[in-house]
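# Descriptive analysis of the structure
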Amino acid sequence: MHEGVPAYLAQLLVQQYGEEIAERIAAGYEAQRAVTLRANPLKADRQEARLALEAQGIEVSPVSWYDDAMIVHGAREDAITALEIYERGGVYLQSLSSMIPPVLLGAKPGENVLDMAAAPGGKTTQIAALTGNRAMITACEMNKIRADRLRYNVQRQGASRVTVMNVDSRSLDDLFSFDRILLDAPCSGSGTVQLGNPRSKGQFNKANLDKTTKMQETLLLKALRLLRPGCEMIYSTCSVLAQENENIVTKVLKKGNAEVVPLDLTGFESVPQLPVTIPGTLCVCPDELYEGFFVAKIRRKK
Ligand code: SAM
């Protein structure tokens, strides 16, 4: 295992995946990740966005599973944030993996959607874009500074039917009920480690992981109480550790009246995948294009 990978994380990866796959994950941690973004059709459609980028000499290429997503070639994030199209919310910098949960959530116009851990708002605003501002979205964020950032992004992206709540989602009243829920849970970030970037290494130790998994379990249980019977939700993390992914889903489903719905991954064949212990869930392997990420769809039984 690459010596830069934090020791506790390396140990968990080898335990879970074995040496060979753990090495593949470590190679993903070493990779220089591409800059990616999505056009925001609430402000600029993809053609307009692409032309605005190309006019500044910035080349982009498409992504098979999401027409608004683009891979940027030969330009860094600061070259994008300096552009007028960025300033007015026509494009949003977002990792490709982070765009997957809203696409698979499949929210429809007219639905009441809850985003339980929403800041800085990449996925909230993506759901707004995917539904053409025709879903009612409640976006919760417990951290005050991050909630302010979420409000700012929601406004800049023109996501006009989003209500931002600066609350702990665990304290939401069970009398609320939603047609669809995204729980993009706080996690260790084991999918997003970049070895060249000391800020991305995280704090990997047992105490932190125990604290995080407790929060994930409580939030997922809460989500299933807030979801209308018969409706579907997405549980996602930017972690590749089963402790935060399949184990949480399995634990909560044992307690609750819910089941895993196999993801329809048609079109996602180019996404690098890791083995999962629950068939029909997705764990993305980090590489030059993708961060490590986990996605599961869950339905509350009627
Ligand atoms: N979904 C976001 C996006 O796409 O931009 C990223 C979410 S980030 C993984 C998790 C967020 O959840 C953090 O901003 C964190 O402050 C927030 N959070 C953690 N625990 C929470 C809780 N109990 N209730 C509400 N927000 C929470």
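Below: a short report on this structure. Remember, predicted model here, so these are calculated numbers, not experimental data.

On to the sheet that holds strand S2 (residues 59-62), then. Taken together, the 4 strands give an open sheet; going across it, the order is S2-S3-S1-S4, and neighbouring strands pair in antiparallel fashion. The sheet terminates laterally at S2 and strand S4 (91-93), the two strands that pair on one side only. Taken over all neighbouring pairs, the strand axes of this sheet differ in orientation by 35° on average, direction set aside. Bridging between strand S1 (residues 36-39) and S4 involves 3 bridges; their strand directions are antiparallel. From the neighbouring strand, Arg 38 faces S4, where its bridge partner is Tyr 92.

Our focus in this paragraph is the side chain of Thr 281. Along the polypeptide, Thr 281 turns up in the loop between strand S10 (258-261) and strand S11 (282-284). Looking at Thr 281, the relative accessible area reads 5%, which means it is buried. Of the polar contacts made by the side chain of Thr 281, one reaches the backbone oxygen of Ile 278; its length is 2.7 Å. With residues near it in sequence (within four places) discarded, Thr 281 still touches Val 260, Leu 263, Val 276, Phe 294, Val 295 and Ala 296.

A word on the site of the ligand. Close contacts around the ligand come from 21 residues, with Lys 123, Glu 141, Arg 146, Asp 168 and Asp 184 the closest. Between the ligand and Gly 121 there is a distance of 3.0 Å, counted from an oxygen atom to a backbone nitrogen or oxygen. Summarising the interface, the protein chains cover 88% of the accessible area of the ligand, which totals 610 Å² for the free molecule. Secondary-structure elements contributing two or more residues to the shell around the ligand are helix H6 (122-130) and helix H8 (206-226). Residue composition of the shell around the ligand, grouped by class: 11 nonpolar, 4 polar and 6 charged.

Once that is clear, we can look at the nonpolar core. Grouped together as the largest cluster of nonpolar side chains are 46 residues, with contacts concentrated most on Met 233 and Tyr 235. Here this core takes 9 residues from helix H1 (residues 7-30), the largest share from any one element. Filtering out sequence-adjacent residues up to four positions away, Met 233 remains in contact with Leu 105, Ile 181, Leu 183, Leu 220, Ala 223, Leu 224, Leu 227, Ala 296, Lys 297 and Ile 298. Counting 35 residues, the second largest nonpolar core, distinct from the first, contains Ala 69, Ile 137, Leu 265 and Val 284.

Before going further, it helps to examine the pairing of strand S5 (residues 112-115). Strand direction decides the pairing type here: S5 and strand S6 (residues 136-140), joined by 4 bridges, are parallel. The residue of S6 that forms the bridge with Leu 114 is Thr 138. Assessed by its sense of winding, the connection that carries the chain from S5 through H6 to S6 is right-handed. Here 3 bridges tie S5 to strand S8 (residues 178-184), and the two strands are oriented parallel to one another. Note on S8: the bridge partner recorded for Leu 114 is Ile 181.

What follows deals with the packing of aromatic side chains. Going through the model one piece at a time under the given rule, you end up with 4 aromatic pairs. Taking 5.1 Å as the distance between ring centres and 15° as the angle between the ring planes, the aromatic pair formed by Trp 65 and Phe 268 counts as stacked. Note that Trp 65 is positioned in the loop between S2 and strand S3 (69-73) and Phe 268 in the loop between S10 and S11, a separation of 203 residues in sequence. The exposure classification of Trp 65 matches that of Phe 268, with both residues buried. Both rings, one in Tyr 235 and one in Phe 294, keep their centres 6.5 Å apart while their planes meet at 65°; by these two values the pair is edge-to-face. Taken together, the residues Tyr 235 in strand S9 (residues 227-237) and Phe 294 in strand S12 (residues 293-300) connect sequence positions 59 residues apart. Pairwise contacts between aromatic rings join Trp 65, Tyr 66 and Phe 268 into one cluster.

Within this structure, the stated rule accounts for 20 salt bridges. Residue Arg 88 pairs with Glu 48 through a salt bridge whose shortest N-O separation is 2.9 Å. Placement of Arg 88 in the loop between helix H4 (84-87) and S4 and of Glu 48 in helix H2 (residues 46-55) is noted, with a sequence separation of 40 residues between them. Put simply, Glu 87 and Arg 156 hold a salt bridge, and the shortest N to O gap is 3.6 Å. Linking Glu 87 in helix H4 with Arg 156 in helix H7 (residues 144-156), this pair joins segments that are 69 residues apart in sequence. Residues joined by salt bridges that share partners form a network here, namely Glu 232, Glu 259, Lys 297 and Arg 299.

Scoring rules and cut-offs
- Residues numbered from 1 in each chain as written.
- Predicted model: local features only at pLDDT ≥ 70, side-chain atom pairs only at ≥ 80, totals over all residues.
- Heavy atoms only, no water.
- Pairing = 2+ DSSP bridges.
- Helix = DSSP H or I, 4+ residues; strand = E, 2+ residues; numbered from the N terminus.
- Axes fitted to C-alpha atoms, helices over the stretch in contact; angles between N-to-C directions.
- Buried < 20%, exposed > 50% of the residue type's maximum accessible area, 1.4 Å probe, protein only.
- Polar contact = N/O pair within 3.5 Å; in protein donor to acceptor, adjacent residues only side chain to side chain.
- Contact = heavy atoms within 4.5 Å.
- Near = heavy atom within 4 Å.
- Areas by Shrake-Rupley, 256 points an atom, 1.4 Å probe, with all protein chains shown as cover.
- Nonpolar A, V, L, I, M, F, W, Y, C, P; charged D, E, K, R; others polar.
- Core = buried A, V, L, I, M, F, W, Y, C linked by side-chain atoms within 4.5 Å.
- Right-handed = clockwise from strand over helix to strand, strands pointing away.
- Phe/Tyr/Trp six-rings, centres within 6.5 Å; stacked < 30°, edge-to-face > 60°.
- Salt bridge = Lys/Arg side-chain N within 4 Å of Asp/Glu carboxyl O.

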